[in-house]
Amino acid sequence: YSQLERESKERAQLQDDLVKASRTAGMAEVATGVLHNVGNVLNTVNLSVNSVQERLMSSRLSHLRTAVDTIQKANGNLGDFFTSDPRGKAIPCFIEKVVDHLEVENTKMCDDMSALIGHVDHIKEIVSTQQSHARVLGVTELLSPVELIEDALKLNQSSLDRHNIGLNREFEDVPKVLLDRHKSVQILVNLLTNAKDAMKDINHGNRSITIAVKLGAEEMVDISVKDSGMGIKKESLSKIFSHGFTTKVTGHGFGLHTSALSAQEMGGSLNVESEGEGLGAVFILSLPINTQPQEN
């Protein structure tokens, strides 16, 4: 009996270690996604900065200094200079053209600076969203599913934009759910990232993700993430949430496994549907309405 008891404890400990390792890998995956999205925004920031720098380097402001120097050389005979000297006669028209150019230049630089401020705010929003989830790790809250989705999209939006992926929202009016915000957003970020990756090799124009919210069965709310990507082979559907299983060349098989475990810990489930290769896939996260999540 003691041998069986010892082996049972060892199996339980191995399972616990596996869950912890998978969750750590999942959190690292989200952190990598955050860094990737921040990097995308920083690339845009760099383009805006370079644009401002080029305008400053090619500015016509120095031409005004040339005009001022020419006027100063008139030695006080400005009347004759402006009426008789060809250089003086040309200066008013010259100044007008320079001012027109500087006004256009100033407008463009103001637009670039507004864009820069927007990009920096976007970076701050990404980081702030991730920090807020880290602070509430393990804490359950009564939250709107739509709020969770929008938080996940903040962390993924720049990547979706960069890959020219369209986003469709189909939100029904549903009750709030009691859950762990960090775990839930981590699941959604992983699903959005997978959906984006599934369309990496799709060349036609239908590169889109549809994220939907609706009432599910048995007092559940369903959040679905549907892509128009490469789809999943029927023989892979039953293994898609298994530890170590992945269809990605560079994948480690932790993301979906961890997401499925996290969904179960909150009293919910994570499922997948696909008609086969080339026909896209839809992942459905089901969460309980006003139901306490299971104990970890």
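Residues numbered from 1 in each chain as written. Predicted model: local features only at pLDDT ≥ 70, side-chain atom pairs only at ≥ 80, totals over all residues. Heavy atoms only, no water.

K.L.:
Help me understand the overall build of the chain in this model?
P.N.:
Along the backbone of the chain there are 8 helices and 7 strands. Summarising the internal contacts of the chain: among those between residues at least 6 apart in sequence, 75% fall at separations of at least 24. For the chain, the accessible surface area stands at approximately 16,800 Å², while carbon and sulfur atoms represent 53% of it. (Helix = DSSP H or I, 4+ residues; strand = E, 2+ residues; numbered from the N terminus. Contact = heavy atoms within 4.5 Å. Areas by Shrake-Rupley, 256 points an atom, 1.4 Å probe, with all protein chains shown as cover.)

K.L.:
Which parts of the structure should I look at to understand unusual backbone geometry?
P.N.:
Where the residue is not glycine, phi is negative for most of them; where a peptide bond is considered, it is trans in most cases. Backbone geometry places Glu-218, a non-glycine residue, at a positive phi of 50°. Tracing the sequence through the fold places Glu-218 in the loop between β4 (208-215) and β5 (220-227). Since its relative accessible area comes to 76%, Glu-218 is described here as exposed. Phi angles above zero are rare outside glycine, and Glu-219 is one such case at about 60°. Following the sequence through the fold, Glu-219 ends up in the loop between β4 and β5. (Buried < 20%, exposed > 50% of the residue type's maximum accessible area, 1.4 Å probe, protein only.)

K.L.:
Would you take a moment to explain the environment of Val-177 for this structure?
P.N.:
Tracing the backbone shows Val-177 in strand β3 (residues 177-180). Linking Val-177 and Leu-142, residues 35 residues apart in sequence, is a C-alpha distance of 5.4 Å.

K.L.:
I tried to follow the packing of aromatic side chains on my own but got confused; where do I start?
P.N.:
The description of an aromatic ring pair uses the distance of the two centres, along with the angle that the planes make with each other. Here the structure, examined in full by the defined rule, presents 2 aromatic pairs. Relative to Phe-82, the ring of Phe-81 has its centre 5.4 Å away and its plane inclined at 65°; by these criteria the two rings are edge-to-face. Here Phe-241 and Phe-283 contribute two aromatic rings whose centre-to-centre distance is 6.1 Å and whose plane-to-plane angle is 85°, an arrangement assigned as edge-to-face. Of this pair, Phe-241 sits in the loop between α7 (234-237) and α8 (255-265) while Phe-283 sits in strand β7 (residues 281-288), placing them 42 residues apart in sequence. Residues Phe-241 and Phe-283 agree in their burial class; the two are buried. (Phe/Tyr/Trp six-rings, centres within 6.5 Å; stacked < 30°, edge-to-face > 60°.)

K.L.:
Can you help me understand the nonpolar core in this one?
P.N.:
For soluble globular proteins, nonpolar side chains are generally found buried alongside one another. Counting 40 residues, the largest nonpolar core has Ile-209, Ile-223, Phe-241, Phe-283 and Leu-285 as its most contacted members. Those elements that provide at least two residues to this core are α5 (145-162), β3, α6 (181-198), β4, β5, α8, β6 (269-273) and β7. Not counting chain neighbours up to four residues away, the residues in contact with Ile-209 comprise Leu-160, Ile-165, Gly-166, Leu-167, Asn-168, Leu-192, Ala-195, Lys-196, Met-199, Val-225 and Lys-226. (Core = buried A, V, L, I, M, F, W, Y, C linked by side-chain atoms within 4.5 Å.)

K.L.:
Teacher, can you tell me more about α5 here?
P.N.:
The periodicity of an α-helix, 3.6 residues per turn, causes residues three or four places apart in sequence to face the same way. For α5, built from 18 residues, the straight-helix expectation of 26 Å at 1.5 Å per residue is met to within 8% by its first-to-last C-alpha distance of 26 Å. Every buried residue belonging to α5 is among Pro-145, Leu-148, Ile-149, Asp-151, Ala-152, Leu-153, Leu-155, Asn-156, Ser-158, Ser-159 and Leu-160, and all of these are buried. Looking one or two residues beyond α5, the residue adopting positive phi is Asn-164, at roughly 55°. (Expected span 1.5 Å × (residues − 1).)

K.L.:
What's the story with the environment of Leu-191 in this structure? I'm lost.
P.N.:
Mapped onto the secondary structure, Leu-191 falls in helix α6. Judged by its relative accessible area of 1%, Leu-191 falls in the buried class. Through-space distance from the C-alpha of Leu-191 to that of Leu-285 is 9.5 Å; in sequence the pair is 94 residues apart. When near neighbours in sequence (up to four residues on either side) are disregarded, Leu-191 contacts Val-225, Leu-256, Leu-270 and Phe-283.

K.L.:
Could you clarify how one ought to interpret the packing of α6 against α8 in this entry?
P.N.:
The description of two helices packed together rests on the angle between their axes and the distance between the axes. Remark: α6 packs on α8, axes separated minimally by 9 Å, with the N-to-C direction vectors making an angle of 145°. Pair α6 / α8 crosses with left-handed handedness. On α8, the residues that touch Lys-183, Gln-186, Ile-187, Asn-190, Leu-191 and Asn-194 of α6 are Gly-255, Leu-256, Thr-258, Ser-259, Ser-262, Ala-263 and Glu-265. Residues that form the contact of α6 with α8 fall into these classes: 4 nonpolar, 7 polar and 2 charged. (Axes fitted to C-alpha atoms, helices over the stretch in contact; angles between N-to-C directions. Left-handed = near helix turned anticlockwise from the far one by under 90°. Nonpolar A, V, L, I, M, F, W, Y, C, P; charged D, E, K, R; others polar.)

K.L.:
I keep staring at the packing of α5 against α6 and nothing clicks. Help me out?
P.N.:
Where α5 contacts α6, the axes come no closer than 9 Å and their chain directions differ by 40°. The chirality of how α5 crosses α6 is right-handed. Across from Glu-147, Leu-148, Ile-149, Asp-151, Ala-152, Leu-153, Leu-155, Asn-156, Ser-159 and Leu-160 in α5, the residues of α6 making contact are Arg-181, Ser-184, Val-185, Leu-188, Val-189, Leu-192, Thr-193 and Lys-196. Taken together, the residues of the contact of α5 with α6 break down into 10 nonpolar, 4 polar and 4 charged.

K.L.:
Help me out: how do you make sense of the pattern of salt bridges in this one?
P.N.:
If the charged atoms of two oppositely charged side chains come close together, the side chains can form a pair. Taken as a whole and assessed by the stated rule, the structure comprises 8 salt bridges. Among the ionic pairs, Arg-181 bridges to Glu-147, the shortest N-O distance being 3.1 Å. In this pair, Arg-181 sits in helix α6 while Glu-147 sits in helix α5, placing the two residues 34 residues apart along the sequence. For Arg-181, a relative accessible area of 12% corresponds to the buried category. (Salt bridge = Lys/Arg side-chain N within 4 Å of Asp/Glu carboxyl O.)

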